[in-house]
Every structure is written in structure tokens, then in C-alpha cells.
Amino acid sequence: MKVVVTFPIPDVAKQMISEQAVLQCWESEESIPTSTLIDWATDADAILTTLTCSIDSELLAHAQQLKVISTVSVGVDHIDVDAAAEHGVIVGHTPGVLTDSTADLTLALMLGVGRRVAEGDALIRSGAWSDGWKPNLLLGTDLSGATVGLIGLGPIGQAVATRLKGFGCRVLASNRTLRSVEGIELVDRDILLSTADIVSLHTALTPETSGMIGRRELALMQDGAMLINTARGALVDEAALVAEIKSGRLRAGLDVYAEEPLPLASELRELPGCVLLPHVGSATERTRRAMFELALANLFAGLQGRDLPARLGAA
Ligand code: GLV
């Protein structure tokens, strides 16, 4: 059996995989070239990968022996899951273990934008804070008591709601499955957009959700409202968002972008009304370890023909 790993992994993990299969591991921090991956995947039984590596229908067509793809991510938008299903390839991912870390970071962005944390830090570092406390310095908005609208009410959306209740927020949500959760008001998406002080995205990126927050949806948001995105950049029309932030009408806290890394030319970099993070929602030592361990467990289960601990689409 052969396992392809598309990113550098610790020696101990290499050892574990090598005890069961021939290992071919990409050792560079640069992404594995598509042609190399296709070549390596031709006789692979399993692929261990991350969200920066696209597994498309062309690759799947070449990988005739492939049984399992295990990704160290909860999101699977980098994998053509329909093509995988057509080829009988099982997909494993890492739900659950990153819920709390991602919810924590969502709150960090809400507080960071509302209380202008990055602007305050920049003010001091630049030496421009020269005259002490001032009554109108960096006035922001409170998270306490705010009305927050969550688009998507899966585990991460619910974990965000739990935290928001501690801040005395009114929590609205719109969700495809109309899941009802105590203390959260389920509302139509347009009502949510036009009512909330803060709109936060917690839905997977699929062909149906791509671009779901466009010019029209942003225009529905209240003056001064904030958009938070710790899900996927392509959920939002980034150019339309830039225009709204530039005009001073909306603010934003973003961890994810349509294109990653964020291109140097992106206007977002120049806009003070937003806080930008480099896709670090799950980036704590404990969570990343748990994600990697779950992805390895998925990989080994797939190789051995057992049920995956976290198979995509399993209830
Ligand atoms: C992170 O974005 C993930 O999907 O795990």
C-alpha cells in the first residue's frame, strides 16, 4: 500500500505511516506542484492533505487505487467530493476538535473590530500616542448587548452563540436546516442582515453558498454594522465588501479570503475599518494537534477498511 502526504509531517507520524505503507511525503513548505501530486497519486491508496491542496476530478481520475482522502481541516471545499464519491473514494475531515478554537477567534475578531484593538496597537507602535488619555480616543462599539446574526448554525455557529450569550447579546440565526436552538431566534436571512449589529458567517463553502454575501446582502446591513468571516472567503463578494468598508459604512473582521494568501494588491490592507488575520481560526497548539491526530486516525481507518472516526457526510 502507498500513502501520499502533501505537506511536511513530524518524524513520529512518518514512522507510524511507514509501518503500514510505503510513504511518499512532500517535504517543502511550498505547495506540492499539481503535476507531482498527480504523478504520486497514480498508485496511491491514501492521501493525507490540508486545505491548501486541491484534489480535483483530474487527479481523482488518475488515482485509480485511491481509497481514502484524509484532510487536516473541517472544510472540504478543496476536494471535489462528488468526483471522490463517483470513484468510491472516502473522505475524512476534522470536525468537532476545532469548534472551540474557531469560536474563540470569532469573538476575538468581534471585539478586535468593535474596540479597535489593532488601531490602538498600531498607534502606540508608531509613536503617535503622545498625549495620554483623551475622552474621544479610539471610540468603538460594545459587543455587550449587541444584536448578532449568525449565518449557519452548525457546531461552530452554536459555540459562537454560547459565548455571545455571556456578553448579553441578542442572537439571531439563519440556517438552511432551520435547526432550532434555545435562546437563538431563527429568522429569514434578509431580516438577519438588516437587523444585526454584527453578522458572522459559519457556513461551509459549496457551489450553493459561494458568493452568498454579495452587493445586495451587504447593502441590507445597517450603517456601522460589522461583518465577521472565520468560515471561507469565497462566501463573500470581496470587491463589494471593500467598497462598503472604504465608504465607511461597514466594518469587517476577516480570517479568510477569496484568495489566500491575501494578494499584496488587495485594498483590504489599506482600510482601517477592518481587522485581518491570516486564516488562523483553528491555530492553537492543542487544536492543531487534535486535528492532526484525527486526520491520522481517519487515514489509518481508511487504509484498513474500517469506519472512519470522522467520515465526511456521516451523521
Ligand atoms: C479551516 O479553515 C478548516 O477548514 O479546518
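Within each chain, residues carry numbers counting from 1 in the order of the written sequence. Per-residue local features of the predicted model are confined to residues with pLDDT of at least 70, and side-chain atom pairs are confined, for both listing and counting, to 80 or more; whole-chain, interface and lining totals are unaffected and use all residues. To obtain the side-chain values, all non-hydrogen atoms of the structure were included, while hydrogens and water were left out.

A. Focus on the layout of surface pockets. Taken as a whole, the second largest pocket holds about 180 Å³ of empty space. Lining residues are those with an atom within 4 Å of a point, where the points come from a 1 Å grid over the protein atoms alone and group into cavities, where a 1.4 Å probe fits but cannot get out, or pockets, open sets with protein on both sides within 12 Å along at least five of seven lines. Forming the walls of the second largest pocket are 14 residues, and the residues nearest its centre are Arg116, Glu119, Arg251, Pro272 and Gly273. By the criteria applied, helices consist of DSSP H or I runs no shorter than four residues and strands consist of E runs no shorter than two, each listed in order from the N terminus. Listing elements by their share of the lining of the second largest pocket, those giving two or more residues are α5 (99-114), α6 (117-125) and β12 (274-276). In terms of residues, the lining of the second largest pocket owes the most to one element, α5, which gives 3 residues. Following the grouping adopted for this structure description, the nonpolar residues are Ala, Val, Leu, Ile, Met, Phe, Trp, Tyr, Cys and Pro, the charged ones are Asp, Glu, Lys and Arg, and the polar ones are all others, Gly among them. Taken together, the residues of the lining of the second largest pocket sort by class into 7 nonpolar, 4 polar and 3 charged. Grid points are joined across faces, edges and corners, and a volume is the space filled by probe spheres set on the points.

B. Just the sheet that holds strand β9 (residues 198-201), in detail. Taken together, the 7 strands give an open sheet; going across it, the order is β8-β7-β6-β9-β10-β11-β12, and neighbouring strands pair in parallel fashion. One side of each edge strand has no neighbouring strand; the edge strands of this open sheet are β8 (185-186) and β12. Of the pairings in the sheet, the one linking strand β11 (residues 251-254) to β12 comprises 3 bridges and is parallel in character. Bridge pairing links Gly253 to Val275 in β12. Whether two residues are in contact is decided by their heavy atoms, any of which lying within 4.5 Å being enough. Helix axes use the C-alpha atoms of the stretch in contact, all axes being lines fitted to C-alpha atoms, and the angles between their N-to-C directions lie in the range 0 to 180 degrees. Most of the contacts of helix α7 (residues 155-166) go to strand β6 (residues 147-151), to which it runs at about 170 degrees, and overall it touches β6 and β7 (170-174). Pairing between strands is defined by DSSP: at least two bridges between them are needed.

C. Molecular detail of the side chain of Ser282. Structurally, the position occupied by Ser282 is in the loop between β12 and α11 (285-303). Given a relative accessible area of 10%, Ser282 falls into the buried group. Within the structure, Ser282 has its side chain in polar contact with the side chain of Arg288 (distance 3.0 Å). For Ser282, the residues in contact, after removing those within four places along its chain, are Leu98, Ser101, Thr102, Thr287, Arg288 and Met291. Whether a residue is buried, partly exposed or exposed follows from its accessible area with a 1.4 Å probe, protein chains only, as a fraction of its type maximum: under 20%, in between, or over 50%, in that order. Pairing of N or O atoms within 3.5 Å defines a polar contact, subject to two protein rules: one partner must be a possible hydrogen donor and the other a possible acceptor, and residues neighboring in sequence count only if both atoms are side-chain atoms.

D. How the structure looks around the pairing of β7. Counting buried residues in β7 gives 4 out of 5 residues, a clear majority hidden from the surface. Both β6 and β7 contribute to a ladder of 5 bridges, which runs parallel. Bridge pairing in β7 links Gly149 to Leu172. The definition of a right-handed crossover adopted here requires that, viewed with the strands pointing away, the path from the first strand over the helix to the second runs clockwise. What joins β6 to β7 is α7, and the crossover it makes is right-handed. In the sheet, β7 pairs with β8 via 2 bridges, with the strands oriented parallel. Looking across to β8, one finds that Ala173 is bridged to Leu186.

E. Representation of the site of the ligand. Near the ligand you find Leu51, Ser73, Val74, Gly75, Leu98, Arg232, His279 and Met291, and these make up its full shell. Note that an oxygen atom of the ligand is positioned 2.8 Å from one of the backbone N or O atoms of Gly75. Between the ligand and the protein, one listed contact pairs an oxygen atom with a side-chain N or O atom of His279 at 2.7 Å. Using the Shrake-Rupley algorithm and a 1.4 Å probe, accessible areas are obtained, with residue cover drawn only from the displayed protein chains. In the complex, 90% of the free accessible area of the ligand, which totals 190 Å², lies under the protein chains. Any residue with a non-hydrogen atom lying within 4 Å of a molecule or strand is treated as near it.

F. Layout of unusual backbone geometry. Residues Glu260 and Pro261 are joined by a peptide bond in cis, for which omega reads 0 degrees. Structurally, Pro261 can be placed in the loop between β11 and β12. Phi is positive for Leu138, which is not a glycine, with a value near 50 degrees.

G. A look at the domain arrangement of the protein chain. Boundaries of every domain are those given by an automatic assignment or by a domain database. As assigned here, the protein chain comprises domain 1 (2-96 + 285-303) and domain 2 (99-276). On a C-alpha basis, the centres of domain 1 and domain 2 stand 32 Å from each other. Taken residue by residue, the interface counts 5 residues in domain 1 and 4 residues in domain 2. Buried area: the accessible area, evaluated with a 1.4 Å probe, that two parts lose upon being put together, summed over both parts. When the two sides are added together, the surface that domain 1 and domain 2 hide from each other amounts to roughly 470 Å², 38% of it contributed by carbon and sulfur. Sorting the residues of domain 1 by area buried against domain 2 places Asp77, Gly96 and Thr287 first, and these three jointly supply 70% of that buried surface. Across the pair Arg232 and Asp77 runs a salt bridge whose closest N-O atoms are separated by 2.9 Å. Scanning the region where domain 1 abuts domain 2 turns up 3 residue pairs in polar contact (both at pLDDT 80 or more). Residues that form the side of domain 1 that touches domain 2 fall into these classes: 1 nonpolar, 3 polar and 1 charged. Think of a salt bridge as a Lys or Arg side-chain nitrogen and an Asp or Glu carboxyl oxygen that are within 4 Å of each other.

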